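Residues per chain, in single letters:
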Amino acid sequence: MPEPTEQAPPPEANEQAPPPEANEKTELTGLFLEKPENTVAIAGKDVLFVAKVDASTLVRKPTMKWLKGKWLDLGSKAGKHLQFKETYDRNTKVYTYEMKVVKVVPGDAGGYRCEVTSKDKCDSCTFEISVEAAEQEAQQDILSAFKRADAGEDEGDLDFSALLKATKKKKKEQPQVEETDVWELLKKAHPSEYEKIAFKYGITDLRGMLKRLKKMKVVEPKVSDAFLRRLESAYSVEKGKKIVLSVEVVDPNVEVKWLKNGQEIKPSAKYIMESNGNIRTLTINKCTLADDAAYECVIGNDKCFTEVFVKEPPVTITKLLDDYHVVVGEKVEFEIEVSEEGAHVIWCFEDQELSREDKTGRYRFRKDGKRHSLIIQEAALEDTGMFFVYTNGGHSKGELIVEEKELEILQSIADLTVKSAEQAMFKCEVSDEKVTGKWFKDGKEVQPSDRIKITHIGRMHRLTIDDVKPEDAGDYTFVPEGYALSLSAKLNFLEIKIDYVPRQEPPKIHLDVSGNMVSQNTIIVVAGNKLRLDVEITGEPAPTVTWTKGDKVVAETEGRVRVESRTGLSSFVIEGAEREDEGNYSITVANPAGEDKANLFIKIVDVPDPPEHVKCTGVGEDCATIIWEPPKFDGGAPVKGYLMERKKKGSSRWTKLNFDVFEGTTYEAKRMIEGILYEMRVYAVNGIGVSAPSLNSKPFMPIAPTSEPTKLTVEDVTDTTCSLKWLAPEKIGAGGLDGYVIEFCKEGDTEWQVANTDLVERQSYMVRNLPTGEKMNFRVVAVNIAGRSPPAVLSQPVTVREIMEHPKIRLPRHLRTKYIRRVGETINLVIPFQGKPRPVAQWLKDGEPVDPKKVGIRNSNVDSILFIRSAERDHSGKYTLILQIENMEDQATLDIRIIDKPGPPTAVKVTDIWGFNASLEWKPPKDDGNCEISGYTIQKADMKTKEWFTVYEHNRRANCTVSDLVMGNEYMFRVFSENLCGLSEEPSVSKNTATISKTGLEYKRAPFKEKDVNAPPKFTTPLVDRSVVAGYSTAISCSVRGFPKPKIIWMKNRMIIGDDPKYLMMNNQGVLTLNIRKPSTFDGGKYGCMAVNDLGKDEVECNVVVRVMAAEKKD
């Protein structure tokens, strides 16, 4: 027997073997420079774990996996709670991997493993997270107790400052009911009955109880009359792959049923059920997350159970981000491709996550199949930095550099000299047509008017001055907006003397708005109405009229806001007044004789804006307190009060709560129904009218507190802790139950201290940091959105002192005898024990401490686990568990034997031959496989045919006599050794042969004329057309004769099949069979068989049709 190949030492107990590459051995090496440490985390805080890997000896980039427990890949859970980061130092060639747990919760507690692999090298390490509740401050924020969870739109923090004015009614004493031990019920119950028991006895933390129950249970091996081998306790499969569930039954003819979550599975293309002798298998093809369920195999009243866990592969990034170097205003589009469609990705800029709900609208997100894009429509300088994208299986980053855009002057402005009343035009051309700018004269901005026009068409900017006047002379400058440059030119005025001097009269504004003014120069307009202001103007020559709002000139002659001019009259018109029209307006008239100006203030009044932030701050059994904030804009008139409406959630019918205006901003709504969700909205009222309704408040529900918790008892006491357990309140009500608050105080004190910072959802709690030896009182209060329930108080004080308990190992019955396992199997032994305080557990193998590199050990408060991932022969031995508490000790010994197939026997020889008999002898094998040899299998073969036939099985002696041999033949023999693992891999062949000689017989051969038996191939039985069901194996057969023995060729559609593993070809004495394994629709067609020898050939054909059964509709 060949020597066993040296294997890498198994990892610790909570590790899983990394999948080795095909035909390649993976060695465990020390790649880690720094490993994560065990951590005790405070609930609600962040925890960071760091692992560093030395890549100096690696030929390719290592792959890191973070795992929880045995198989849960945390890469698929990446998001806000779990964040992963990877960096690489080129100088030191060290990879740094980080895992950050944001706001630790109790569910994060447990064992973790980080695993790094690179081609043929791997390494792993384990660490644990323990979660403790945060310490409670003396002054607790009571409002945090009213946070509602799992309430849909009701979720969030609510203020209950004016909570519950109803008087508390004293409950009638209920007759005492005989207590039932729920733990015993759960131990004996079938898993399908767990939900009923939880509903009947008010269990709210069923998952937590089942976890504890699993630790408490000692599973006895069940003796089954129907199953020889049952289903494993759990199976794991990757999404999209197939999995095979297999059992071995006693009766080979019995029928089995397969159930999924209690429902019978029907055969289909997805679920394939097969029967082969005593083996029954269920194959699940292309597993999805819907196949993550509990499965049963049923034979009559006997069942076996298992669970299938479907692992979703992490989403990886197949196309990484690119770097971009752009100028201000350009469009930037970051794009990646991922391995799966519909994957969730997270975009980040530096350390800030980019949200699709960003109100600035600067970032747009696009998803197209496997492509994900982040689009920045117009890049700005503040966008310079590093952009990251994360998936649950990796991340990528890209750098964006944004620079100022340089502006090129294509045509500068030139100096001008013009005469009076002529036109002057300054123009320039820049490289960017989107650039705007301003014109300045002698340092003051030029404003457009009827005579001065500023235009911007494409890249050209023009300043046109009609009817040039002496005061227009000066230095003109164009300044592009956003750029530190300017273009300057000078306008020279050519003066022409005129002898004629016309008559001149200074301009005058005759403003008459009587009836529209409420005060001097103030005009009030109701929003939506039309304002027309006609102003009479006099002056010679005819003055120029300019209307302005603030610093902006109103020069439009058409549109909603416009200026209409006639001789001696200028009209300012606003069609459908809006709020933005409010402001200071001025009219300026000017001619060469002078200037006049008048100022006005136009005030727009409207209905107020809706009230804001309507919310419920307190509820009672049939009432609720609602508050809101006044509207930001009162419409220009004081708010007189408010109108309130309410409706049931989901209804469209609103009910008015008041008909007279309510002046306050806090309202108590009454006559409501407990347990019904309501919504509120508020209207604001002023002198103009009623506002639009406010946004609906978050749904709220009138509720009352629960009754007090029941059956409060002490579960365990140590020197500094006390464990309590209780049952849910009898009356919970419509408000549900958010959790519990545990309080304690010393005997005789009246000031209760709170033990837990956050609400406790389970029905048990350990109070820590108690003074040793003191007598303490404890009470538990149930909390829901309505407030605190009456407390449940222990009937008598508890003395805080550890109860000493001797260490005791409770060795399972199946471990009290020799524990035998085969090479390669997994060993996972759970040894429960008891003792207080916590015992110290130590394992020895054959009197020496166990090697942690070969055997994984994990100890807890109640048990010790010995784990061997892949058993080897050298793991055999006596293992001793020693349990110590101070000077007290208990120990138990386990005899573990790892067995393998034996080697072949030695020195097989024929010792005697007589008649038709031969005597054989041999020696036992040198390697018995670490197990007693149970027998031998002897086979014989004729030297002519050399076909082996079994003579004896399970022969216990090292010799035997083979009878009924044929006279005249020569025989050789071989022997297999056998133990519990089966027959040896190789037989031992006899060194000599046995020849059965012919004695005392003489045969006179008669003259014989040899007959010519040569014949060409001829099919005696043809192939027959077949119609088969897809997925079920089939066979087609025919028979042929011919001499010499013809060569057989199978064909499909006239193409030779060859060595395709889907087909199995057999030839037994001229009977030819072609087995087609699990045919699909593509395997249908015309099949042929051709027989060829030197004298000729023959051929037969048939049609094979593969049909697909219609899938049955599911209920």
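Just above, that's the structure.
Cut-offs applied
- Residues numbered from 1 in each chain as written.
- Predicted model: local features only at pLDDT ≥ 70, side-chain atom pairs only at ≥ 80, totals over all residues.
- Heavy atoms only, no water.
- Phe/Tyr/Trp six-rings, centres within 6.5 Å; stacked < 30°, edge-to-face > 60°.
- Helix = DSSP H or I, 4+ residues; strand = E, 2+ residues; numbered from the N terminus.
- Buried < 20%, exposed > 50% of the residue type's maximum accessible area, 1.4 Å probe, protein only.
- Pairing = 2+ DSSP bridges.
- Axes fitted to C-alpha atoms, helices over the stretch in contact; angles between N-to-C directions.
- Salt bridge = Lys/Arg side-chain N within 4 Å of Asp/Glu carboxyl O.

Q: Which parts of the structure should I look at to understand the packing of aromatic side chains?
A: Summed over all chains, the structure comprises 21 aromatic pairs. The interplanar angle of 70° and the centroid separation of 5.5 Å between the aromatic rings of Trp 628 and Tyr 642 together place this pair among those described as edge-to-face. Placement of Trp 628 in strand E49 (residues 624-629) and of Tyr 642 in strand E50 (residues 639-648) is noted, with a sequence separation of 14 residues between them. As far as the burial class goes, Trp 628 and Tyr 642 line up, both buried. Considering the side-chain rings of Trp 922 and Tyr 936, the 5.4 Å spacing of their centres and the 70° angle between planes classify their relative orientation as edge-to-face. With Trp 922 in strand E73 (residues 917-923) and Tyr 936 in strand E74 (residues 935-942), the pair connects residues that are 14 residues apart, well separated along the chain.

Q: In this structure, what is going on with unusual backbone geometry? I would like to understand it.
A: Comment: phi is negative for the bulk of residues other than glycine, and the bulk of peptide bonds are trans. Put simply, Lys 836 and Pro 837 share a cis peptide bond, and its omega is -10°. Residue position: Pro 837 is located in the loop between strand E65 (827-836) and strand E66 (840-845). With phi around 55°, Glu 350 is a residue other than glycine that occupies positive phi space. Relative to the assigned elements, Glu 350 resides in the loop between strand E23 (346-349) and strand E24 (352-353). By relative accessible area, Glu 350 is classed as partly exposed at 37%. Even without a glycine there, the phi angle at Arg 1054 is positive, about 65°. Among the secondary structure elements, Arg 1054 is positioned in the loop between strand E84 (1047-1052) and strand E85 (1055-1056).

Q: Sorry if this is basic, but what is going on with the sheet that holds strand E54 (residues 710-717) here?
A: As summarised here, the arrangement of the three strands in space is E54-E55-E58, forming an open sheet in which the pairing is antiparallel. At either margin of the open sheet sits one strand with a lone partner, and together these are E54 and strand E58 (764-767). Neighbour-to-neighbour, the strand axes of this sheet turn through a mean angle of 20°, independent of strand direction.

Q: Whenever I open this one, the pattern of salt bridges confuses me. Can you help?
A: Opposite charge on two side chains lets them pair, provided their charged atoms get close. Counted by the stated rule, this structure contains 38 salt bridges. Arg 113 is paired through a salt bridge with Glu 115; the nearest N and O atoms lie 3.4 Å apart. The exposure class of Arg 113 is buried, given its relative accessible area of 1%. The residue Glu 337 makes a salt bridge to Arg 371 at a minimum N-O spacing of 3.2 Å. Residue Glu 337 is located in strand E22 (residues 332-338), and its partner Arg 371 is located in strand E26 (residues 371-376); the two are separated by 34 residues in the primary sequence. Judged by its relative accessible area of 42%, Arg 371 falls in the partly exposed class. Three or more residues joined by partner-sharing salt bridges are found here, namely Arg 532, Asp 534, Arg 562, Glu 564 and Glu 575.

Q: What's the story with the sheet that holds strand E82 (residues 1026-1029) in this structure? I'm lost.
A: Across a sheet, strands are paired by hydrogen bonds formed along the backbone, either parallel or antiparallel in direction. Ordered in space as E82-E89-E88-E84-E85, the five strands form an open sheet in which the pairing is mixed. Lying at the two open borders of the sheet, with one neighbouring strand each, are E82 and E85. The sheet contact formed by strand E88 (residues 1085-1093) and strand E89 (residues 1096-1107) spans nine bridges and is antiparallel. What sits directly across from Asn 1093, in E89, is Gly 1096.

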